[in-house]
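These are the residues of each chain, in order.
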Amino acid sequence: MQTLLTVLVVLVLLAMYVTWTAGRLDRQHVRVEAGRSALDAALVRRAALAEELADLVRGTAPGEDLTAVVTAARRARAADQADRERAENDLTRVLRPLVNRLTTAPEPHGEQVAALLGQLASATSRIGLARNIANGAVDHTLALRRRRLVRWLRLAGRAAAPAYFEIDDTSLAADLAPSARREP
Amino acid sequence: MRIGIVCPYTWHVPGGVQAHIRDLAEALIREGHEVSVLASADDDEPLPSYVAPAGRAVPVRYNGSVARLTFGPISNSRVRRWLRDGAFDVLHVHEPAAPSLSLLACYAADGPIVATFHAANPRSRVMRVMSPTLQPALEKIRARIAVSSAARRTLVEHLGGDAVVIPNGVDVAAFRGASPLPGREPTGATLGFLGRFDEPRKGFTVLLDAFTVLAAQRDDVRLLVAGPGDVDDVLDDLSADVASRIEFLGMVSDADKVRFFHSIDVYVAPNVGQESFGVILLEAAAAGSPIVASDLDAFARVLEDGAAGELFAVGDPAALAAALHRVLDSPQRRAELRAGGDVVAGRYDWISVARRVLEVYETVTAGQQATVGEDYASEGLLARLISRG
């Protein structure tokens, strides 16, 4: 009788623990999703601003070749998950010379360009923040998924293991630092 | 945005974390947000309208000092009620790695949670030992903020993961335009030091050695010292001439601290180590005092490598004396330092800091309609039986 009771108690406790762990894992997957969507929004905003900046500069300085920026921005927005990091890095690479030229130019480029650079600076710093947050969620999720109980009982179900998102967002942020200061 | 902030320590006890939360909450309110701060405090204490009391705290040793903490079933039910009533868009807990209201809130809540880590302690045994039991609560935190890179390093080493560094702010307006302390107008060569001067890491002895050198060369230098410590210990080692030019004010109130900065011509920060973030430098800069500071990493960063303060080799009295000569001899350099200080103080004004914290809130709540709810799984079987019984 007593052994039966002990076994029952152990089983109930185990079931509670498993349910609780599954709940934790589920929450982490939700967190990863939320992190991803915030990061996605920040990246889309940067691409949109990059295109806008290219259009504006083309208007004031005709003849300048800005097709690379426009193409990279469009590609970044259309890229699928597997290609996203490379597309975003490509955009950074073509955007940097333009930004550098605008921020170090001796003649002022007008208020519109300055305002757009300020917005681009804040969008870029948002990407860094969102990436930090999204990767933090990936960290915790992977740590939980590695646990024996989770692996043996397949608590993660069919949810794919989340991946870190690594792009270079600091170099552009540094280029844009003078513009960020001007933004109120 | 509806923001719920949890303060782990007793509200009315003066402390860095409490001051940080007060200033942040008030800046967020000025920006037009709804803020409620849950803090341990007695129900009958006078509190600002945005503070909700969570009951009395008990003293616990943590991180080398005695912290007054609130923990237990009664606090737990108050946390849960506050979460239910608040329906916050984001929950912001402070110092959640200590057993406190903040940790309780992490267990109790579900949804967008942000945490700020303040402690910079390279060898926190408490944090290391507690780490595995804290994990279920800490993994709910969507974004982590550290107030300094030292705090971030502590966090990364003990708990893993990363954090965004958003430093403390200063209430710039509060430091501007005050009058000097009565009878203590700046003389043109009055140096100032603020802090516990018998604490070795504050480097007061470095300043004393430099001041002794300086006093032999200049008739006009004075030193004004604000902060607690044993005055006789200091004066015993000094010549009568040097001693007569030093004045000790003892502990000063917040209002007198502001006036102190307006009674001096140069603020000196001779610290020799373990300074995670130079809040005092920002306060001096906000008050418009030219700064001479040791070149600790944290100081050099805040002072932008010398743009907002004259830096000297840490622990070197001769270098400090030379730096003081440079600054005292040149009104132009003092004006430069004041202008640089103004820019830095503006960057760390609470409004700018609060906007950066808001960016974090916006990032964790992006695209979500849900508010912070309760995590019923963590409520505990017993508590559930009692509360629903």
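Residues numbered from 1 in each chain as written. Chains lettered and ligands numbered in written order. Predicted model: local features only at pLDDT ≥ 70, side-chain atom pairs only at ≥ 80, totals over all residues.

**Q** Honestly, the overall build of chain B in this entry has me stumped. Any pointers?
**A** Within chain B, the regular secondary structure consists of 16 helices and 17 strands. With 389 residues in all, chain B has 49% of them scored as buried. (Helix = DSSP H or I, 4+ residues; strand = E, 2+ residues; numbered from the N terminus. Buried ≥ 20, exposed ≤ 12 C-beta atoms within 10 Å, placed from the backbone.)

**Q** Mind showing me how you'd approach the overall build of chain A here?
**A** Within chain A, the regular secondary structure consists of seven helices and zero strands. When the helices and strands of chain A are read in sequence order from the N terminus, they spell out α-α-α-α-α-α-α. Scaling as 2.2 N^0.38, a compact globule of 184 residues should have a C-alpha radius of gyration of about 16 Å, whereas chain A reaches 24 Å, well beyond that. Projected onto its principal axes, the C-alpha positions of chain A cover 90 × 30 × 20 Å. By the burial criterion, 32% of the 184 residues in chain A qualify as buried. If you take every contact in chain A between residues at least 6 apart in sequence, the share linking residues at least 24 apart comes to 79%. (Rg over C-alpha atoms; globule rule 2.2 N^0.38 Å. Contact = placed C-beta atoms within 7 Å.)

**Q** Any chance you could explain the packing of helix H1 (residues 2-60) of chain A against helix H2 (residues 67-78) of chain A here in plain terms?
**A** What describes two packed helices is the angle between their axes and the distance between those same axes. Residue and element names in this part refer to chain A. H2 packs onto H1 with a crossing angle of 160° between their chain directions and a minimal axis gap of 9 Å. If you check the angle between H1 and H2, you find them roughly antiparallel. In terms of crossing hand, the pair formed by H1 and H2 is left-handed. Here Leu 43, Val 44, Ala 47, Ala 50, Glu 51 and Ala 54 of H1 lie close against H2, whose contacting residues are Val 69, Val 70, Ala 73, Ala 76 and Arg 77. Class assignment of the residues belonging to the contact of H1 with H2 gives a composition of nine nonpolar, no polar and two charged. (Axes fitted to C-alpha atoms, helices over the stretch in contact; angles between N-to-C directions. Parallel < 35°, antiparallel > 145°, perpendicular 65-115°, else oblique. Left-handed = near helix turned anticlockwise from the far one by under 90°. Nonpolar A, V, L, I, M, F, W, Y, C, P; charged D, E, K, R; others polar.)

**Q** Help me understand the interface of chain A and chain B, please; the structure alone is not making it clear to me.
**A** Note: interface size is frequently given as the accessible area lost on complex formation between the parts. If you look at the interface, chain A gives 19 residues, while chain B gives 17 residues. Listing elements by their share of the side of chain A that touches chain B, those giving two or more residues are H1 and helix H4 (111-145) of chain A. No other element matches the ten residues that H1(A) contributes to the side of chain A that touches chain B. Classifying every residue of the side of chain A that touches chain B by side-chain character gives eight nonpolar, six polar and five charged.

**Q** How should the nonpolar core be read in this particular structure?
**A** For soluble globular proteins, nonpolar side chains are generally found buried alongside one another. B:Ala105, B:Cys106, B:Val114, B:Leu281, B:Leu282, B:Ile291 and B:Leu324 are the most contacted members of the largest nonpolar core, which totals 156 residues. The element best represented in this core is H1(A), accounting for twelve residues. The contacts of B:Ala105, once residues within four sequence positions are left out, are B:Val6, B:Val79, B:Leu91 and B:Val93. (Core = buried A, V, L, I, M, F, W, Y, C linked by C-beta atoms within 7 Å.)

**Q** What is the right way to read the sheet that holds strand S8 (residues 113-117) of chain B from this model?
**A** Sheets are built from strands paired through backbone hydrogen bonds, the pairs being either parallel or antiparallel. Residues and elements named next belong to chain B. A sheet is described by the order of its strands in space; here seven strands give the open sequence S3-S2-S1-S6-S8-S9-S10, paired in parallel fashion. A single partner strand is all that each edge strand has here, and the edge strands are strand S3 (51-53) and strand S10 (164-165). In terms of strand pairing, strand S6 (residues 90-94) meets S8 through four bridges, oriented parallel. Bridge assignment links Leu 91 to a residue of S8, and that residue is Ile 113. Where helix H5 (residues 149-159) meets the sheet, its contacts fall on S8, strand S9 (143-146) and S10, and the angle it forms with S9 comes to roughly 130°. (Pairing = 2+ DSSP bridges.)

**Q** Explain the confidence of the model for chain B to me, please; I cannot follow it from the model alone.
**A** Predicted coordinates in regions of low pLDDT should not be interpreted in detail. All names here are of chain B. Predicted confidence across chain B gives a mean pLDDT of 85, with 88% of residues reaching 70 or more. Under a pLDDT of 50 for its full length, residues 385-389 has, in the predicted model, zero contacts with residues more than four places off or in other chains. Both confidence scores are given for the complex: pTM 0.78, ipTM 0.84. (pLDDT = per-residue confidence, 0-100.)

**Q** Sorry if this is basic, but what is going on with the sheet that holds strand S13 (residues 246-250) of chain B here?
**A** Residue and element names in this part refer to chain B. Taken together, the six strands give an open sheet; going across it, the order is S13-S12-S11-S14-S15-S16, and neighbouring strands pair in parallel fashion. The open sheet terminates on both sides in strands that have one partner only, identified here as S13 and strand S16 (310-312). When strand polarity is set aside, the average angle formed by the axes of neighbouring strands in this sheet is 20°. Looking at chain direction, strand S14 (residues 266-269) and strand S15 (residues 291-294) are connected through three bridges and run parallel.

**Q** How do you make sense of the packing of helix H7 (residues 204-217) of chain B against helix H13 (residues 317-329) of chain B when you look at a structure like this?
**A** Residue and element names in this part refer to chain B. At a minimum axis distance of 8 Å, the contact between H7 and H13 shows a crossing angle of 55°. In terms of orientation, H7 lies oblique with respect to H13. H13 is crossed by H7, and the crossing has right-handed handedness. Contact residues: H7 offers Val 206, Leu 207, Asp 209, Ala 210, Val 213 and Leu 214, while H13 offers Pro 317, Leu 320, Ala 321 and Leu 324. When its residues are assigned to classes, the contact of H7 with H13 shows nine nonpolar, no polar and one charged.

**Q** Honestly, the pairing of S9(B) in this entry has me stumped. Any pointers?
**A** Within a regular beta strand, the side chains point alternately toward one face of the sheet and then the other, so they alternate between its two faces. Residue and element names in this part refer to chain B. Alternating positions in S9 separate into two faces, Ala 143 and Ile 145 on one and Arg 144 and Ala 146 on the other, with burial throughout. Summarising the sheet, S8 and S9 pair through four bridges and their orientation is parallel. Looking at S9, one finds that Thr 116 is bridged to Ile 145. Note: S9 against S10, two bridges, orientation parallel. Its bridge partner lying in S10, Ala 146 is registered against Val 165. In the classification by handedness, the crossover that spans S9, the intervening H5 and the parallel S10 is right-handed. (Right-handed = clockwise from strand over helix to strand, strands pointing away.)

**Q** I'm lost on the pairing of S14(B) in this one. Help?
**A** Residues and elements named next belong to chain B. Burial along S14 is two-sided: Val 266 and Val 268 facing one way and Tyr 267 and Ala 269 facing the other are all buried. When strand S11 (residues 190-194) meets S14, the two strands line up parallel, connected through two bridges. Bridge pairing links Leu 191 to Val 266 in S14.

**Q** Please clarify how the environment of B:Arg152 should be interpreted in this entry.
**A** Residue and element names in this part refer to chain B. Following the sequence through the fold, Arg 152 ends up in helix H5. Put simply, Arg 152 and Ala 98 are 54 residues apart on the chain and 16 Å apart in space, counted from C-alpha to C-alpha. In this structure Arg 152 touches Ala 146, Ala 163 and Val 165, once residues within four positions along its chain are discounted.

**Q** I keep staring at the environment of B:Tyr348 and nothing clicks. Help me out?
**A** Residue and element names in this part refer to chain B. Residue position: Tyr 348 is located in the loop between helix H14 (331-347) and helix H15 (350-365). The spatial distance from the C-alpha of Tyr 348 to the C-alpha of Gly 169 is 4.8 Å, given a sequence separation of 179 residues. Among all residues touching Tyr 348, those that are not within four sequence positions of it are Pro 167, Gly 169, Val 170, Leu 282 and Val 353.

**Q** Just checking my understanding: could you explain unusual backbone geometry for this structure?
**A** Peptide bonds are trans in most cases, and residues, glycine excluded, mostly fall at negative phi. Unusually for a residue other than glycine, A:Arg154 sits at a positive phi of about 50°. Among the secondary structure elements, A:Arg154 is positioned in the loop between helix H5 (148-152) and helix H6 (170-175). A residue is classified by how many C-beta atoms lie within 10 Å of it, and A:Arg154, with 8 of them, is exposed. The backbone of B:Asp305 sits at a positive phi, close to 50°, despite the residue not being glycine. Summarising the element assignment, B:Asp305 is placed in the loop between helix H12 (297-302) and S16. Classification of B:Asp305 as exposed rests on a count of 10 C-beta atoms within 10 Å.

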